[in-house]
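Single-letter residue listing:
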Amino acid sequence: MPQQAKVRAVDVLETFRSNVIVYLSEARPALEEITADVLRLRLWLETEQRTFWESQVRLRTKKLEQAQAALFSSRLGILGGETSAEQMAVQRAKRALAEAETKLRLIKKWAREFDTRLQPLVKQMEKLHTVFSNDMVKAVASLTQTLNTLAAYADLKPGTGAATAPSSPGTAAASPDSQPADQPATPGSLAASGPHKGVAS
C-alpha cells in the first residue's frame with residue numbers, strides 16, 4: 001500500500017498567495033495612474049500649452065506694436081528729445097515676444113516627439129497591464145485551487161472514510177467468546193465453544 005505524502009508548509013504557500021494579492025491590489029492602480037498621467041501629459045502639450053503660448057505670441061506681438069507706436073509718437077512729439085522709457089518698453093516687449101515664440105517652438109517640438117519617445121514605454125506598460133489583468137489573476141486562482149487541494153488531502157487520515165487501517169499480523173480480532181491466554185478454560189466455556197479436537201469426551 002503506498003504511503004501517504006507528507007504535506008508541509010501549506011501556510012507558506014498561503015502567505016505567498018496573500019502577498020501576490022496585495023501586490024496586485026497596489027500595482028494595478030499605480031500602473032493605471034501612470035497610464036492616465038501619460039494621456040494627461042499629451043493633452044497638456046497638444047491643447048493647453050500650445051493654446052496658451054499661441055495666445056501669448058499674439059498678445060505680446062500686439063504689446064510690441066503698441067510699444068513701438070508709443071516710441072514713434074514720442075520721437076515725433078519731443079523732436080529728438082530723450083525717449084529712454086519708450087525704448088525700454090520696446091525692448092521689454094521684444095524680449096517677452098521672443099520668450100513666447102521660443103516656448104511655442106518647444107511645445108510643438110515636444111508634441112511631435114512625444115509618440116516617438118514614449119510609445120515604446122507605453123507599449124511596455126500595456127503588456128504589464130495585460131499580465132496584471134490576466135496572467136496574475138489566473139496565477140492567484142491556481143494558487144487558491146492548489147491550496148484547497150492540499151488542504152483536502154491533508155485532512156485525509158488513515159482509518160477515515162472507506163479506507164481502514166489493516167490489522168497487524170498476530171493480532172486476533174476481539175469477540176465476546178475470546179478468552180485471555182493466561183485464564184484456564186472452564187467446563188462451561190468448553191461446552192459453550194463446542195467440540196474441540198484433542199479434548200476427551
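Residues numbered from 1 in each chain as written. Predicted model: local features only at pLDDT ≥ 70, side-chain atom pairs only at ≥ 80, totals over all residues. Heavy atoms only, no water.

As for the overall build of the protein chain
Tallying secondary structure elements over the protein chain gives 3 helices and 0 strands in all. When each of the 201 residues of the protein chain is scored for burial, the buried share is 15%. Contacts in the protein chain between residues at least 24 apart in sequence constitute 81% of all its contacts with a sequence separation of at least 6. When the accessible area of the protein chain is evaluated, it comes to approximately 15,600 Å², of which 60% is carbon and sulfur surface. (Helix = DSSP H or I, 4+ residues; strand = E, 2+ residues; numbered from the N terminus. Buried < 20%, exposed > 50% of the residue type's maximum accessible area, 1.4 Å probe, protein only. Contact = heavy atoms within 4.5 Å. Areas by Shrake-Rupley, 256 points an atom, 1.4 Å probe, with all protein chains shown as cover.)

Things to note about the pattern of salt bridges
Under the defined criterion, the tally for this structure stands at 10 salt bridges. Across the salt bridge formed by R60 and E99, the nearest N and O atoms sit 3.1 Å from each other. Placement of R60 in helix α1 (residues 10-78) and of E99 in helix α2 (residues 84-154) is noted, with a sequence separation of 39 residues between them. Owing to a relative accessible area of 16%, R60 belongs among the buried residues under this scheme. The exposure class assigned to E99 is partly exposed, which follows from its relative accessible area of 38%. For the salt bridge of K103 with E99, the shortest nitrogen-to-oxygen distance reads 3.9 Å. Placement of both K103 and E99 in helix α2 is noted, with a separation of 4 residues, approximately one turn of the helix. By relative accessible area, which is 32% here, K103 ends up partly exposed. (Salt bridge = Lys/Arg side-chain N within 4 Å of Asp/Glu carboxyl O.)

Observations regarding the side chain of Q49
Counting through the fold element by element, Q49 comes out in helix α1. Residue classification places Q49 among the buried residues on the basis of a relative accessible area of 14%. Those residues within four positions of Q49 in sequence are excluded, and the remaining contacts are W44 and I107.

Thoughts on the confidence of the model for the protein chain
This prediction gives the protein chain a mean pLDDT of 76; 70% of its residues lie at or above 70. Looking at the elements of the protein chain, mean pLDDT is at its lowest for helix α3 (residues 187-193), recorded as 42, and at its highest for α2, recorded as 89. Within the model, the stretch residues 157-201 combines pLDDT values under 50 with 6 contacts to residues more than four positions away or in other chains. (pLDDT = per-residue confidence, 0-100.)

Concerning the packing of aromatic side chains
By convention here, two paired aromatic rings are described through the distance between centres and the angle between planes. Under the counting rule described, the total for this entry stands at 2 aromatic pairs. For the pair Y23 and F132, a centre-to-centre distance of 5.8 Å together with 80° between the ring planes defines the contact as edge-to-face. Taken together, the residues Y23 in helix α1 and F132 in helix α2 connect sequence positions 109 residues apart. Assessed through its relative accessible area of 45%, Y23 is described here as partly exposed. Residue classification places F132 among the buried positions, given a relative accessible area of 4%. Taken together, a centroid distance of 4.9 Å and an interplanar angle of 80° make the contact between F52 and W53 edge-to-face. (Phe/Tyr/Trp six-rings, centres within 6.5 Å; stacked < 30°, edge-to-face > 60°.)

Comments concerning the environment of E126
Positionally, E126 belongs in helix α2. The partly exposed category is assigned to E126, whose relative accessible area is 46%. In the structure, E126 is positioned 91 residues away from T35 in sequence and 8.6 Å away in space, judged by C-alpha atoms.

Points about the environment of L104
As for its position among the elements, L104 is in helix α2. Along the sequence, L104 and Q56 sit 48 residues apart, while their C-alpha atoms lie 9.1 Å from each other. Contact partners of L104, with chain neighbours within four places excluded, come to R50, W53, E54 and V57.

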